[in-house]
Amino acid sequence: MRRFEMILPSSVDECVKALATHGAGAKTVAGGTDLLPQMKNGLVKPAVVVDLGGIAALKGVTNGAGLRVGACATARELELHPEVRKRYTALADGAALVGSVQVRNLATVGGNLCNAAPSADMAPPLMALEAEAVIAGPKGERRVPLSAFFTGVRQTVLGADELLVALVMPAPPVPPEAGLYVSGGSYIRHTPRRELDIAVVGVASQVTVQNGRCVKARIALASVAPTPVHATAAERALEGQPLTPERIEQAAGLAVEAAKPISDQRGSADFRRHLVRVLTRRTLTAALARARA
Amino acid sequence: MPKQILSFTVNGDKVDLLVPPYVTLLDALRDEAGLTGPKEGCGTGDCGACTVHLDGKPVASCLVLALQARGRSVRTIEGLGTATALHPLQDAFVRHGVPQCGFCIPGVLMAAAALLEEHAAPTEEQIRYGIAGNLCRCTGYTKMVAAITEAAGMIKKGAAR
Ligand SMILES: Cc1cc2nc3c(=O)[nH]c(=O)nc-3n(C[C@H](O)[C@H](O)[C@H](O)COP(=O)(O)OP(=O)(O)OC[C@H]3O[C@@H](n4cnc5c(N)ncnc54)[C@H](O)[C@@H]3O)c2cc1C
Ligand code: FES
Ligand code: FES
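Fair warning: this is a prediction, and the values are worked out from it, not measured in the lab.

## Let's talk about the site of ligand 1
(1) Moving on: Lining the immediate surroundings of ligand 1 are 36 residues, of which Thr28, Thr33, Asp34, Thr108 and Asp121 of chain A lie closest.
(2) Moving on: Residues within reach of ligand 1 are spread across chains A and B.
(3) Moving on: The separation between an oxygen atom of ligand 1 and a polar side-chain atom of asparagine 112 of chain A is 2.8 Å.
(4) Moving on: Backbone polar atom of aspartate 197 of chain A to an oxygen atom of ligand 1: 3.3 Å apart, as the coordinates give it.
(5) Moving on: Protein chains bury 92% of the 990 Å² of accessible surface belonging to ligand 1 in isolation.
(6) Moving on: Only β2 (26-29), α7 (109-115) and β10 (163-170) of chain A provide two or more residues apiece to the shell around ligand 1.
(7) Moving on: Residue composition of the shell around ligand 1, grouped by class: 17 nonpolar, 13 polar and six charged.

Next comes the structure, spelled out in structure tokens:
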């Protein structure tokens, strides 16, 4: 690795100040599972590395009216968190797929989102759960819906002096407190290998049902465009309707419209479109089954 | 770049090392602490040969910057058992003849040790998932799974005694 200096802030304020001082020459490190390989092969050459590991405010998962996931919560924490597994299942699914256990114990949700790979496995679940990004900067805090967070391959709305602090999302309704509303979610990706592989396509679905009709559907896709995207036409086609197999199949077809895939060594654009249809059907079916369970 | 002091716990002992900020935990352990059990297979998180426990959890030490371990507790293969009192996993690996070249074994053992701390009696599926981040280019994984299953049984019996 090229030489760099390290700064070890213990608060968000200190961190923002360090970033403002060092500008584009500085890089934050959380788990390092994206950054270290990039630094080792010379893709990224920061003069200063700012460690987020000493900032307590970035850690942990808090469950209240909704869920607050600290930017430095690890994939492993999310995979094992009882409330995430119960209520935010798509996120537990996505977190469990990241790398190996040795990677998941380091990999943070903030790193996954800020690295902004089109294939990031925690992005579609959080978009389907309507998460908002809490961002800190020199001017204070701002919130951005995750669906507006990504601006391109490896690009986000974050300024060089800004920091992702947490993700917050509303609780998907579950009985008995929500009466007749039930909600369920699922994330599935296609990879040739079961472990340690990158999504050829990933799909997250979250559906909320009342009296047999879908009142809300959120579907987000990975690895089919420069950023993770919502399948808006498919979402609209489901809302207000009973989730019959025919409806789900129709939505799966519409989801393909949101995909603008490229052909690369992992799969052709045609294959990716096919996968969007198949995985949308499978995740909607799984989400519905979980809502009813 | 001035070196900085890294104070942390390694295999139960408080240790201070003088390290440059741009080295990994793996390099600090091998080059500064003299613990050459953890190996560098890939340096990119793919092979698991560098697996150590950080605050009790298995991690790829090739992806951790040394200073990120400040104030924390690290356990390497050197802290698992001793030459005269092998850990049940090490004992089972020897009896099953698991190691061939041996390069991957410290990492596999640390991954397996973490697995057994979480699941006292893991299923084959859980074992395979637990060591999915460890590549072995010599052997198959069949003997590893058998040895880990047996070690889990030995630990359980030992605890019952
Ligand atoms: C072997 C291996 C397998 C992998 N498999 C998968 C996989 O299956 N699916 C998947 O999605 N990913 C995978 N990854 C990629 C990686 O593990 C994840 O993207 C992980 O979540 C990144 O988190 P991190 O904390 O390690 O990020 P870091 O490497 O610490 O940071 C990544 C980037 O985000 C920035 N950053 C981090 N935190 C913040 C913050 N709070 N605010 C602002 N910027 C921030 C950093 O500056 C850096 O540019 C894999 C990586 C490896 C090495
Ligand atoms: S050397 Fe760390 S995972 Fe291969
Ligand atoms: S024994 Fe040689 S790599 Fe596993």
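## Quick word on the pattern of salt bridges
All names here are of chain A.
(1) Moving on: Taken as a whole, this structure holds 22 salt bridges over all chains when the rule is applied.
(2) Moving on: For arginine 218, the salt bridge goes to glutamate 235, with nearest N and O atoms at 3.9 Å. Here arginine 218 is found in strand β13 (residues 213-222), whereas its partner glutamate 235 is found in helix α9 (residues 232-238), with 17 residues between them in sequence.
(3) Moving on: The class of glutamate 235 is buried, set by a relative accessible area of 6%.
(4) Moving on: In this structure, glutamate 249 and arginine 281 form a salt bridge, with 2.8 Å as the shortest nitrogen-oxygen distance. Placement of glutamate 249 in helix α10 (residues 245-258) and of arginine 281 in helix α11 (residues 269-292) is noted, with a sequence separation of 32 residues between them.
(5) Moving on: In this structure glutamate 249 comes out as partly exposed when scored by relative accessible area, which is 31%.
(6) Moving on: Overlapping salt bridges bring together Glu130, Lys216, Arg218, Glu235 and Glu239 as one network.

What counts, and at which threshold
- Numbers given for residues are sequential positions, taken from 1 along each chain in its written order.
- Chain letters and ligand numbers both follow the written order, the letters beginning at A and the numbers at 1.
- In view of the model being predicted, local features appear only for residues whose pLDDT reaches at least 70, and side-chain atom pairs are presented and counted only at 80 or more, with totals across whole chains, interfaces and linings using the full set of residues.
- Computation of side-chain values: all heavy atoms of the structure, hydrogens and water removed.
- Near, as used in this document, describes a residue that has one of its heavy atoms within 4 Å of the molecule or strand being considered.
- Counting of polar contacts relies on pairs of N or O atoms within 3.5 Å, with two restrictions inside protein: one atom must be capable of donating a hydrogen and the other of accepting it, and residues adjacent in sequence are counted only when both atoms are side-chain atoms.
- Note on areas: these come from Shrake-Rupley sampling with a 1.4 Å probe, and a residue is covered only by the protein chains present in the view.
- Each helix is a run of DSSP H or I of at least 4 residues and each strand a run of E of at least 2, with the numbering of both proceeding from the N terminus.
- The residue classification treats Ala, Val, Leu, Ile, Met, Phe, Trp, Tyr, Cys and Pro as nonpolar and Asp, Glu, Lys and Arg as charged. All others, Gly included, are polar.
- By definition here, a salt bridge exists when the distance from a side-chain nitrogen of Lys or Arg to a carboxyl oxygen of Asp or Glu is within 4 Å.
- A simple rule labels every residue: compare its accessible area, found with a 1.4 Å probe on the protein chains alone, to the largest value its type can have, and call it buried under 20%, exposed over 50%, or partly exposed in between.

Function-wise, these values are silent; they only describe arrangement.
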